[in-house]
Amino acid sequence: MAVMALVDAHARPLKNLRLSVTDRCNLRCQYCMPEPDYVWLPREDILQFEEIEQLVELFLELGVDKVRLTGGEPLLRRDLPDLVERLARREAIRDLAITTNGVLLADAAADLKRAGMHRVTVSLDTLDRERFKALARFDELDRVLKGLDVAADVFPGFKMDTVLIRGTNDDEMIPLLEFARARGAELRFIEYMDVGGATHWNPSQVVSRAEMLERLGAHYGPITAIEEAGSAPADRFRLPDGLVFGIIASTTAPFCANCDRSRLTADGLWYLCLYAARGIDLRGPLRGGAGRESLKELITGVWHARTDRGAEHRLHARGRSPLIPVSSLKRDPHLEMHTRGG
Ligand code: SAM
Ligand code: SF4
Ligand code: SF4
């Protein structure tokens, strides 16, 4: 299939689509969903698999070649392997991945693999059961650990993501790295971000990439940066003993200049940036009978005009505090990280 090179106002291509398949979650991570209650997307607005497939097809024709399923917790979406199967058939998808909290992974991994999923990333912030309960509000560490063991078998070389929060889990960098090493996984530490939904965010809790490297270097010895081309957000590093890990420095050293990502929410709003105030409604035109060409024109025009560099702008904000007040999040749940999919 001939693919047009579609670039935005900063010459960034449209390559990477994050598909949120549900806004629901079976955890309540303190950095993502810390509030006592949430406003959910109306069920009738949630895209059917056929609708997701139709939209993905348009994005593929416009240059997307990486698709990541996310949520909320994507494994809560009923019959998810059916969607994976539909997407995996598309040769234009060079990389088909999923980000999950791992709670339901032990049972789901083999079906995902059979359906054609290429890669899995599992989020894990602590190895301590009591701490897990405090961080995620549910006593699910054992199930996540089972999920990780199954992932090691079914998706060898899988990735793990850890959001590092000062005073919460930053004393576990080394145990988590060793845990990943034992399972053949590549761990990425993520700086705590002040995204919508992180209503308890505080700059003093951010552990910067520089500090992470300093602390790991003090334990393991000199760390080497791995030079890589491309737009992958994780800078990768190598310990003296050869172990490779990543750090996603979205807060202190954002990668907006090369950002080729956009996000489709479970109800079909398209966001050009994690920090964007509003999304572009694709569900309305799709359900209203807009043809393929007019939808493609809409997507093309919007991407051409894209100037978003949200995390960079936040970097220059004075007196940083949580991005969006709870009252605004309740009025528009699309502002939440768990709706946008991270
Ligand atoms: N529920 C799935 C999970 O947790 O893996 C997928 C959705 S979750 C929103 C996607 C990613 O966003 C997770 O790795 C999570 O750790 C990350 N995330 C959520 N809130 C964050 C924050 N405030 N700062 C940095 N990363 C965050
Ligand atoms: Fe945690 Fe992911 Fe659920 Fe957010 S969506 S609360 S990061 S498991
Ligand atoms: Fe991309 Fe926005 Fe994140 Fe910057 S803040 S890397 S533009 S999604």
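Above this text you will find the structure in question.
One structure accompanies this document, and this report is about it. The model shown is predicted, which means the values in this text are computed figures rather than measured ones. (Residues numbered from 1 in each chain as written. Chains lettered and ligands numbered in written order. Predicted model: local features only at pLDDT ≥ 70, side-chain atom pairs only at ≥ 80, totals over all residues. Heavy atoms only, no water.)

1. Some points on the site of ligand 1
Among the 19 residues in the neighbourhood of ligand 1, the closest are listed as Tyr 31, Gly 72, Ser 123, Val 163 and Met 193. Thr 100 has a polar backbone atom sitting 3.3 Å from an oxygen atom of ligand 1. Contacts to ligand 1 include Ser 123, whose side-chain N or O atom sits 2.6 Å from an oxygen atom. Of all the secondary-structure elements, those providing two or more residues to the shell around ligand 1 are β3 (95–100) and β6 (186–191). Looking at the shell around ligand 1, its residues break down into nine nonpolar, eight polar and two charged. (Near = heavy atom within 4 Å. Polar contact = N/O pair within 3.5 Å; in protein donor to acceptor, adjacent residues only side chain to side chain. Helix = DSSP H or I, 4+ residues; strand = E, 2+ residues; numbered from the N terminus. Nonpolar A, V, L, I, M, F, W, Y, C, P; charged D, E, K, R; others polar.)

2. With respect to the side chain of Glu 53
Its location among the elements puts Glu 53 in helix α1 (residues 49–61). Within polar-contact distance, the side chain of Glu 53 engages the side chain of Arg 86 at 2.7 Å. When residues no more than four places from it in sequence are discounted, the contact partners of Glu 53 are Arg 86, Arg 89 and Arg 90. (Contact = heavy atoms within 4.5 Å.)

3. Quick word on the packing of aromatic side chains
A complete count under the given rule lists six aromatic pairs for this structure. Judged by centre distance (6.2 Å) and plane angle (25 degrees), the rings of Trp 270 and Trp 303 are stacked. Taken together, the residues Trp 270 in strand β11 (residues 269–271) and Trp 303 in helix α9 (residues 292–304) connect sequence positions 33 residues apart. Given a relative accessible area of 0%, Trp 303 falls into the buried group. An aromatic cluster is defined as three or more aromatic residues linked by ring pairs; in this entry it consists of Phe 59, Trp 270 and Trp 303. Cation over ring: Arg 183 sits above Phe 179, and NZ or CZ is 3.7 Å from the ring centre. The positively charged end of Lys 330 is found above the aromatic ring belonging to Tyr 38, 5.9 Å away from the centroid. (Phe/Tyr/Trp six-rings, centres within 6.5 Å; stacked < 30°, edge-to-face > 60°. Buried < 20%, exposed > 50% of the residue type's maximum accessible area, 1.4 Å probe, protein only. Lys NZ or Arg CZ within 6 Å of the ring centre and 35° of its normal.)

4. A few points about the pairing of strand β2 (residues 66–70)
The element β2 is largely enclosed, with a buried count of four among its five residues. The pairing of strand β1 (residues 16–20) with β2 spans five bridges and is parallel. Residue pairing for β2: Leu 19 is matched across the bridge by Leu 69. For the segment spanning β1, α1 and β2, crossover handedness is right-handed. Bridge analysis of β2 against β3 gives four bridges, and the strand direction is parallel. What sits directly across from Arg 68, in β3, is Ala 97. (Pairing = 2+ DSSP bridges. Right-handed = clockwise from strand over helix to strand, strands pointing away.)

5. As for the pairing of strand β9 (residues 244–248)
Counting buried residues in β9 gives five out of five residues, a clear majority hidden from the surface. A loop of five residues connects strand β8 (residues 235–238) with β9, the two strands running antiparallel in sequence, and Gly 242 in this loop sits at a positive phi of about 100 degrees.

6. Observations concerning the site of ligand 2
With respect to spatial proximity, the complete set of residues near ligand 2 consists of Cys 25, Leu 27, Cys 29, Tyr 31, Cys 32, Met 33, Gly 72 and Asn 101. Here the residues of the shell around ligand 2 sort into six nonpolar, two polar and no charged.

7. Regarding the sheet that holds strand β12 (residues 280–281)
Sheet strands pair by backbone hydrogen bonding; their relative direction is either parallel or antiparallel. Strand order in the open sheet formed by 12 strands is β7-β8-β9-β6-β5-β4-β3-β2-β1-β10-β11-β12, and the pairing between neighbours is mixed. With partners counted over all chains shown, the strands left at the sheet margins are β7 (224–225) and β12, one partner each. Bridge analysis of β6 against β9 gives three bridges, and the strand direction is parallel. Residue pairing for β9: Arg 188 is matched across the bridge by Gly 246. Lying on the sheet, helix α6 (residues 173–182) is in contact with β5 (159–164), β6 and β9; it crosses β6 at an angle near 150 degrees. (Axes fitted to C-alpha atoms, helices over the stretch in contact; angles between N-to-C directions.)

8. Description of the side chain of Arg 314
Tracing the backbone shows Arg 314 in helix α10 (residues 310–315). Polar contacts involving the side chain of Arg 314 include one to the side chain of Asp 194, which spans 2.7 Å. Those residues in contact with Arg 314, other than ones at most four positions away along the chain, are Asp 194, Tyr 275, Arg 320, Ser 321 and Leu 323.

9. Some thoughts on the nonpolar core
Core analysis: the largest hydrophobic core is formed by 98 residues, its most contacted members being Leu 69, Leu 112 and Trp 270. A per-element tally of this core places α1 first, with seven residues. The residues touching Trp 270, leaving out its near neighbours within four places in the chain, are Leu 14, Leu 17, Phe 59, Ser 262, Arg 263, Leu 264, Gly 279, Ile 280, Leu 282, Ile 299, Val 302 and Trp 303. (Core = buried A, V, L, I, M, F, W, Y, C linked by side-chain atoms within 4.5 Å.)

10. Quick notes on the packing of α1 against helix α2 (residues 80–88)
Packing of α1 against α2 brings their axes to within 10 Å, and their N-to-C directions diverge by 25 degrees. As judged from the angle between their axes, α1 and α2 are roughly parallel. Crossing of α1 against α2: the hand is right-handed. On α2, the residues that touch Phe 49, Glu 50, Ile 52, Glu 53 and Val 56 of α1 are Leu 80, Asp 82, Leu 83, Arg 86 and Leu 87. For the contact of α1 with α2, the residue count by class is six nonpolar, no polar and four charged. (Parallel < 35°, antiparallel > 145°, perpendicular 65-115°, else oblique. Left-handed = near helix turned anticlockwise from the far one by under 90°.)

11. Topic: the pattern of salt bridges
The full count for this structure, using the stated rule, is 35 salt bridges. As a salt-bridge pair, Arg 188 and Asp 161 come within 2.7 Å of each other at their nearest N and O atoms. Of this pair, Arg 188 sits in strand β6 while Asp 161 sits in strand β5, and the two are 27 residues apart along the sequence. Relative accessible area serves as the criterion here: at 13%, Arg 188 is assigned to the buried category. The exposure class of Asp 161 is buried, given its relative accessible area of 9%. (Salt bridge = Lys/Arg side-chain N within 4 Å of Asp/Glu carboxyl O.)

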